[in-house]
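Per-entry structural report
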Amino acid sequence: MKRRFIVPILILLAGLLPAQIQRIAEADPDSPVPAAIRNNGYFLESLRLTLLAEEAYAIGDYDASTQYAEDAVRYAELSDEWVLLQLKIRETDNAIAAARHRLDFATAVNAAERFPDEYLLATQAFEEARSHRAFERWDPAIEAANRVLEFLAMVDDQMGPLPLPSQYVVRPWTTFRDSLWYIAGQSWAYNDPWQWRRLYEANRDRMPEPDNPDLIHPGMILNIPSIRGETRSGTWNAEGTYVPLP
């Protein structure tokens, strides 16, 4: 086969090989691959070389066109390998983040004392996942991170309701509308907004302006004293399950 007939085939391959690159070229907004990963340097170089191959072919410089096309194919393959690696890294980081979130929750609800064996295994698995991640062992890192979720899954099933919280960390007004009135009205506090004054008296000394009960700042830790002899311990956790105060 003459070179002038080989060149168009190489140019076609440069544009269509591999399938990952084809999805990038289509700029599919629903692609599972983020644009920042899809449009990487290898891919952009493969496009540049493909255009040079087409231009060289158009003016009859078949040797140059062949070389450009072959280089374009090589860069397309490098792009595909890079994309797959970035997706694997992304999967690993997401798995470790989910494991960290679950472990933080278990710590907040005192699982270390209530379920010491499962908590210890989960902690060890999490450190193992981080170690594998540091050495770029992606699949073992994902497997270890998933074990954290497995070890702590039964904690949720057997934990049951938590004791009512004895403290609360104030959140931003713009998002959560936190105020003494609002907090007192929550079922895990007093289930009665009119009890705001009890919160005020219990926390007056730590407020920014002790004589102004309307001023509380995000990040403040408020004490929630017992009102009916109920047992209270720990800090309120958004993911916890509490038996409402009757």
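Residues numbered from 1 in each chain as written. Predicted model: local features only at pLDDT ≥ 70, side-chain atom pairs only at ≥ 80, totals over all residues. Heavy atoms only, no water.

**Description of the overall build of the protein chain**
Threshold: Think of it this way: any DSSP run of H or I at least four residues long counts as a helix, any run of E at least two long counts as a strand, and we number them from the N terminus. Pairs of residues are marked as contacts when any of their non-hydrogen atoms sit within 4.5 Å. In these tables, accessible area is a Shrake-Rupley quantity obtained with a 1.4 Å probe, and a residue counts as shielded only by the protein chains included in the view.
The secondary structure content of the protein chain amounts to 11 helices and 2 strands. In the protein chain, the succession of helices and strands from N to C terminus is α-α-α-α-α-α-α-α-β-α-α-α-β. Taking the contacts inside the protein chain whose residues are at least 6 apart along the sequence as the reference set, 65% of them involve residues at least 24 apart. Accessible surface for the protein chain amounts to roughly 14200 Å². Of this, 54% is attributable to carbon and sulfur atoms.

**Thoughts on the pattern of salt bridges**
Threshold: Salt bridge criterion: a side-chain nitrogen from Lys or Arg within 4 Å of a carboxyl oxygen from Asp or Glu.
Throughout the structure, instances matching the rule amount to 11 salt bridges. A single salt-bridge network, built from bridges that share partners, covers Lys88, Glu91 and Asp139.

**Some thoughts on unusual backbone geometry**
Even without being glycine, Glu136 reaches a positive phi, approximately 60°. Notably, Arg177 is not glycine yet its phi reads approximately 60°, a positive angle.

**Overview of helix H5 (residues 62-108)**
This is how the line gets drawn: Expected span of a helix: the number of residues minus one, times 1.5 Å.
Here H5 spans 68 Å end to end across 47 residues, near enough to the 69 Å set by a 1.5 Å rise per residue. Among the residues trailing H5, Asn110 stands out with phi positive, at a value near 65°.

**What about the packing of aromatic side chains?**
Our working rule: Here a Phe, Tyr or Trp ring, Trp counted by its six-membered ring, pairs with any other such ring whose centre lies within 6.5 Å, and the pair is stacked when the planes are under 30 degrees apart, edge-to-face when over 60, and tilted otherwise. We call a residue buried when its accessible area falls under 20% of the maximum for its residue type, exposed when it is over 50%, and partly exposed in between, using a 1.4 Å probe and counting protein chains only. Charge-over-ring contacts are defined here by two conditions on Lys NZ or Arg CZ: a distance within 6 Å of the ring centre and an angle within 35 degrees of the ring normal.
Scanning the entire structure with this criterion turns up 7 aromatic pairs. Aromatic pair Tyr42 and Tyr75: ring centres 6.4 Å apart, planes at 35°, arrangement tilted. Note that Tyr42 is positioned in helix H4 (residues 41-58) and Tyr75 in helix H5, a separation of 33 residues in sequence. Tyr42 sits in the partly exposed class, given a relative accessible area of 34%. A connected cluster of aromatic rings, assembled from ring pairs, spans Tyr168, Trp188 and Trp236. For Arg177, the ring lying beneath its charged end belongs to Trp173, and the centroid distance is 5.0 Å.

**Re the confidence of the model for the protein chain**
Quick reminder of the rule: The predictor attaches a confidence to each residue, called pLDDT, with possible values from 0 through 100.
Overall, the prediction assigns the protein chain a mean pLDDT of 81, with 83% of residues at 70 or greater. Element-level mean pLDDT values for the protein chain span from 46 in helix H2 (residues 19-26) up to 94 in helix H7 (residues 116-134). Residue range residues 1-7 is modelled with pLDDT below 50. Its contacts to residues more than four positions away, or to other chains, number 11 contacts. Counting interchain partners and residues more than four positions distant, the pLDDT-below-50 stretch residues 13-27 has 29 contacts.

**Some details on the packing of H4 against H5**
Applicable threshold: The axes used here are C-alpha line fits, helices contributing only the stretch in contact, and every angle between their N-to-C directions lies in the interval 0 to 180 degrees. An angle counts as roughly parallel when it lies under 35 degrees, as roughly antiparallel when it exceeds 145, as roughly perpendicular when it falls between 65 and 115, and as oblique in every other case. For a crossing to be left-handed, the near helix must be turned anticlockwise from the far one by less than a right angle; the clockwise case is right-handed. Under this grouping Gly is polar, as are all residues other than the nonpolar Ala, Val, Leu, Ile, Met, Phe, Trp, Tyr, Cys and Pro and the charged Asp, Glu, Lys and Arg.
Between H4 and H5, whose axes approach to 8 Å, the crossing angle comes to 165°. By the angle between their directions, the pair H4 and H5 is classed as roughly antiparallel. Between H4 and H5 lies a crossing whose hand is left-handed. Judged by residue contacts, Tyr42, Phe43, Glu45, Ser46, Leu49, Thr50, Leu52, Ala53, Ala56 and Tyr57 of H4 engage Tyr62, Ala64, Ser65, Tyr68, Ala69, Asp71, Ala72, Tyr75, Ala76, Leu78, Ser79 and Trp82 from H5. Considered class by class, the residues forming the contact of H4 with H5 number 16 nonpolar, 4 polar and 2 charged.

**So, the side chain of Glu230**
What counts, and what does not: Any N or O atom pair separated by 3.5 Å or less is treated as a polar contact, with the protein-specific requirement of one donor-capable and one acceptor-capable atom, and with residues adjacent in sequence counted only for side-chain atom pairs.
On the secondary structure map, Glu230 appears in the segment after strand S2 (221-223). Among the residues examined, Glu230 registers a relative accessible area of 14% and is labelled buried. Among the polar contacts made by the side chain of Glu230, one reaches the main-chain amide nitrogen of Ile227 at a distance of 3.0 Å. Excluding residues that lie within four positions of it along the chain, Glu230 makes contacts with Leu164, Pro225 and Leu245.

**Regarding helix H11 (residues 196-203)**
Rules: The arc in question is formed by the directions pointing from the helix axis toward the C-beta atoms.
Within H11, the full set of buried residues consists of Leu199, Tyr200 and Asn203. With its buried residues spanning 100° around the axis, H11 presents them on a single face. Packed against the buried residues of H11 are helix H10 (180-184) and S2.

**Things to note about the environment of Ala189**
With respect to the helices and strands, the residue Ala189 is situated in the loop between H10 and H11. Exposure remark for Ala189: the relative accessible area of 0% places this residue in the buried category. The sequence separation of Ala189 and Trp236 amounts to 47 residues, and the corresponding C-alpha distance is 9.3 Å. Those residues in contact with Ala189, other than ones at most four positions away along the chain, are Ile183, Ala184, Ile224, Arg232 and Leu245.

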